[in-house]
Amino acid sequence: MDAAEYDLPFFHRAGFHRRSCVVCHSAFWALGDHDRCQEAPCREYGFIGHPIFARPYSLDAMRELYLGFFERRGHARIRRYPTVARWRNDVFFVQASVYDFQPWVTSGAIPPPANPLTISQPCLRFNDIDEVGRSGRHFTLFEMLAHHAFNRPGHEIYFKDRCTELCHELLTQDLGLDPLTVTYKEEVWEGGGNLGPSLSVGAAGLELATLVFMEYTRDGDALKPMPLTVVDTGYGLERFTWASQGTRSAYEAVFGETFEEMRRTFPPTETAILLDHARALNFMLTDGIVPSNSKGGYFARLLLRRALRILEKTPESPELIAILDRSSRELARTFPEIGENREDLHRVVRAEIDRFHEAVERARQTIRRYDEKVRATGGRVTVEDLLTWYDSLGVPPDLAVEELQHRPAIPADFYKQVAARHEGEKPTTDYVEVTEGLPEVPAGVPATEALYFLDPYTVAFDAHVAWAKGRYVALDRTYFYPTGGGQATDRGNLGDLEVTDVERTGPIILHHLERDAPWQVGDRVHGRIDAARRTQLMQHHTATHLLNGALREQLGPHVWQAGAYKGTESARIDVTHYRALTKEELHKVERRVNQIVREDRPVKSYFESRGEAERRFGFTLYQGGAVPGRELRVVEIEGFDVEACGGTHCTHTSEVGAIAILDEERIQDGVVRLTFASGERALDLREEHEEILREAARRLGVPVAKLPEGIDKLLEEIEESRRASRGRRREDLGATAAKLLSEASQRVGAVTIVVASTDLDRHGLMELSRLLTKEPNHVAVLASERDGRGTLFVGSTSARVAASALVEAARPSFEGKGGGNPAAATAVGEPGAALAAALNAAAKEARRAAKR
RNA sequence: GGGCACGUAGAUCAGCGGAAGAUCGCUGCUUUCGCAAAGCAGAGGUCGGGGGUUCAAAUCCCCCCGUGUCCA
């Protein structure tokens, strides 16, 4: 990056000098006379015991000071976004404040909620989870303080110069940091295809903030200026608080009194881990994470189990729920939504604790059994076993070893070995570019006026062609609903041409026609939408909201929509929940939604400012994913459910007609899928199902109400006849066996030998042999011919006569392949004379062996 | 999303190429005034599903499904 990028007028105005760090060789700007940048590792911590700000601040006070500072300088204070980044499919959690605005705001597709703005955004990062408690400064959840500005051409808010000036003013004036101690190190930031210069702000060994200026797009080796430049700053709230107090570790400063109290029961590292994890869990669970074994839910499980293990090994530990409660009460002072649903959160955590104990118990048993078995065979449990157990049972080696008699030494690099086992696994992303294949619409084509937002019932309209290319047409206004929000697209006609698909690209809605559009820009066209299809889609969409509302009502607010699809035949909704639904729960939900349908409640769809909507309804608005923008489209089912949603909806619940839940499945740990139908489709399906029932009842010759009993009776009859035929077969074989024993047996020494040819199948031979050799010292030598192949079967209860040896002796006679053990053996080969010869050979060998 | 482990009688599991097992539970009988207990006898299995290899598959291979777990 060009040095001129960092040569800010502010630095010159304020008297900064540019220098080079003798350690890391980076260039930096400073007022003081430094030979190195003031950040670790170039400089050691200098603030512990010597706070660098004018006075100590608590976490809350520091946050307030920061946000207030920027508010007074023209920034709008924005409420935090959920820590669960539902609006992105490349990450699970918000890891920096700018995540709130990616990709839509930063790409310019949607205006920011305010400009400029300031925010304290809770962020989750798990890559340094092992450092938490140990390093003195790592957290899994931290708050990133930030001020952001989004500059459009001709409408610049502020950029590098003003940004840096604001930062410096905050530090040196409001916080009282000695201006001579701070350094601004030149760095380059790059991410998501964008890059720009950045400044790392350091003092007393601590990196306090990073000021990032996104201004270029990487195009191969060349840099292209971005149309929208972004001021992306990040200040560590915890670090600021720590620096202001100068405590030994950041945890003391951040957790204050609670830390001191917990220290009476736990060592400092464990105390920090517990408090950090409790804080992170409160945010995650409040924001709708349900612990599970994959994706985002795994991290909640990870934190929970780490905390539980600490509690388990510490005598007189408090309950995990008590620790979470205490943390949530503190957080609620700033984030009132945390702890609002305390009881539900307890249910989720309780379910997870139970699972943990079950898993531990299962693992214990498995390990103990394995240990016994290994010891019985004179072996020992190996490190390899410990690795497998960690991977497959979730047992850390120190716990596993407790169950063992002979304990292998746990290698110091155990977790490195675990990681090595996982090398070569390649995570695949199923990221699908939505606008893939769509033609690029030239700039200057006006945004399409989306009329379906205002009136979902109009299905015929006139509009003017705004742009056309091949089969794609954009209009100045349209009632066609484009694919989005899990709702299938509208179909219909433009003029005489069929519309097969409708998609949105930025602010433009493209109609995909069956063939090339014959129109010119400005032509007037008539649009007609397939009304039946639209109605069905609307019913399914409103039904989805109804179900979501009912599920949250019946199961608790931990239920969040995790996905949905509304087709014409049926629709489905995926929600987070910690176990499969019971039949009763399903019934209750179905009854409840149909009740709301009958109550004919108004469904209002309207645009409202984001701040106002959030204030009135909270973050649960974002069931279908967070929707950035100043204005939100709110779909409100009166007194029941409110969601930010761009879909087409009925205006009264009665229009949904009826809702029938068709299927329930647990699609993964922590996510339940309901498949359902509404409106005509629900009635059709119910009729179909009834018809199937009637037909089944007719065939069984019972009334519908007696169907289950009828089926039971039928099954019993089948079982009975199966038993009878098995019994007959056994009798037949028994008779055959008795006859053979009395008429065709031969006694050689102490051994009774039966030789016989039969027409039995493999199983029959086996069973007959069994019957013939019930007594000790019996040998059965049997042959049978089937499908042009000969089978020889030998069973023996004589220690002298080994069945396998007999078969071995007979095999050459009929080119037989086979083998067995001393008790039973079989071979298959040529039929006819060869088989007879084999039978003779086996019989001869049997007599020879018996005589010995 | 990927790796690993697991899926066998109602329950918990063993068996890991040669004739489906153990323990508990269940049924009946013996014993008892009755119960518990004990003894004896018995019922109960498409060895998760589907392909393949083999003379032979619960067992080996492949693909699904389900459960658990580790990781991103």
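Quick notes on the rules
Residues numbered from 1 in each chain as written. Chains lettered and ligands numbered in written order. Predicted model: local features only at pLDDT ≥ 70, side-chain atom pairs only at ≥ 80, totals over all residues. Heavy atoms only, no water. Salt bridge = Lys/Arg side-chain N within 4 Å of Asp/Glu carboxyl O. Helix = DSSP H or I, 4+ residues; strand = E, 2+ residues; numbered from the N terminus. Buried < 20%, exposed > 50% of the residue type's maximum accessible area, 1.4 Å probe, protein only. Expected span 1.5 Å × (residues − 1). Polar contact = N/O pair within 3.5 Å; in protein donor to acceptor, adjacent residues only side chain to side chain. Pairing = 2+ DSSP bridges. Axes fitted to C-alpha atoms, helices over the stretch in contact; angles between N-to-C directions. Contact = heavy atoms within 4.5 Å.

Caption draft 1: Representation of the pattern of salt bridges. Scanning the entire structure with this criterion turns up 58 salt bridges. In this structure, the salt-bridge partner of Asp130 is Arg306, at a minimum N-O distance of 3.6 Å. In this pair, Asp130 sits in the loop between β4 (117-124) and β5 (141-151) while Arg306 sits in helix α7 (residues 295-313), placing the two residues 176 residues apart along the sequence. In this structure Arg306 comes out as buried when scored by relative accessible area, which is 17%. Among the ionic pairs, Arg729 bridges to Asp761, the shortest N-O distance being 4.0 Å. On the criterion of sequence distance, the pair formed by Arg729 in helix α17 (residues 707-743) and Asp761 in the loop between β26 (751-758) and α18 (762-772) is long-range, its members being 32 residues apart. Among the residues examined, Arg729 registers a relative accessible area of 33% and is labelled partly exposed. Several salt bridges converge on common partners, so that one network encompasses Arg301, Arg305, Glu352, Arg355, Arg666 and Asp669.

Caption draft 2: Helix α13 (residues 531-555), seen in detail. Relative to the 36 Å expected for 25 residues at 1.5 Å per residue, α13 spans 35 Å between its end C-alpha atoms, a close match to the ideal helical length. The element α13 is largely enclosed, with a buried count of 20 among its 25 residues. Between the side-chain oxygen of the N-cap and the backbone nitrogen of Ala532 there are 3.3 Å, and the N-cap of α13 in question is Asp530. Immediately beyond the C-terminal end of α13, within one or two residues, lies Gly556, with a positive phi of roughly 125°.

Caption draft 3: Up close: the sheet that holds β5. On the basis of which strands lie adjacent, the open sheet formed by nine strands has the order β1-β2-β6-β7-β8-β9-β5-β4-β3 and mixed pairing. Each end of this open sheet is capped by a strand with a single partner; those strands are β1 (17-20) and β3 (76-78). Neighbouring strand axes in the sheet, compared pairwise and without regard to direction, differ in orientation by 30° on average. Sitting on the sheet, helix α4 (residues 237-245) is in contact with β4, β5, β8 (206-219) and β9 (222-236), with an inclination near 45° to β9. Sheet contacts for helix α6 (residues 268-286): β4 and β5; angle to β5, the most-contacted strand, approximately 50°.

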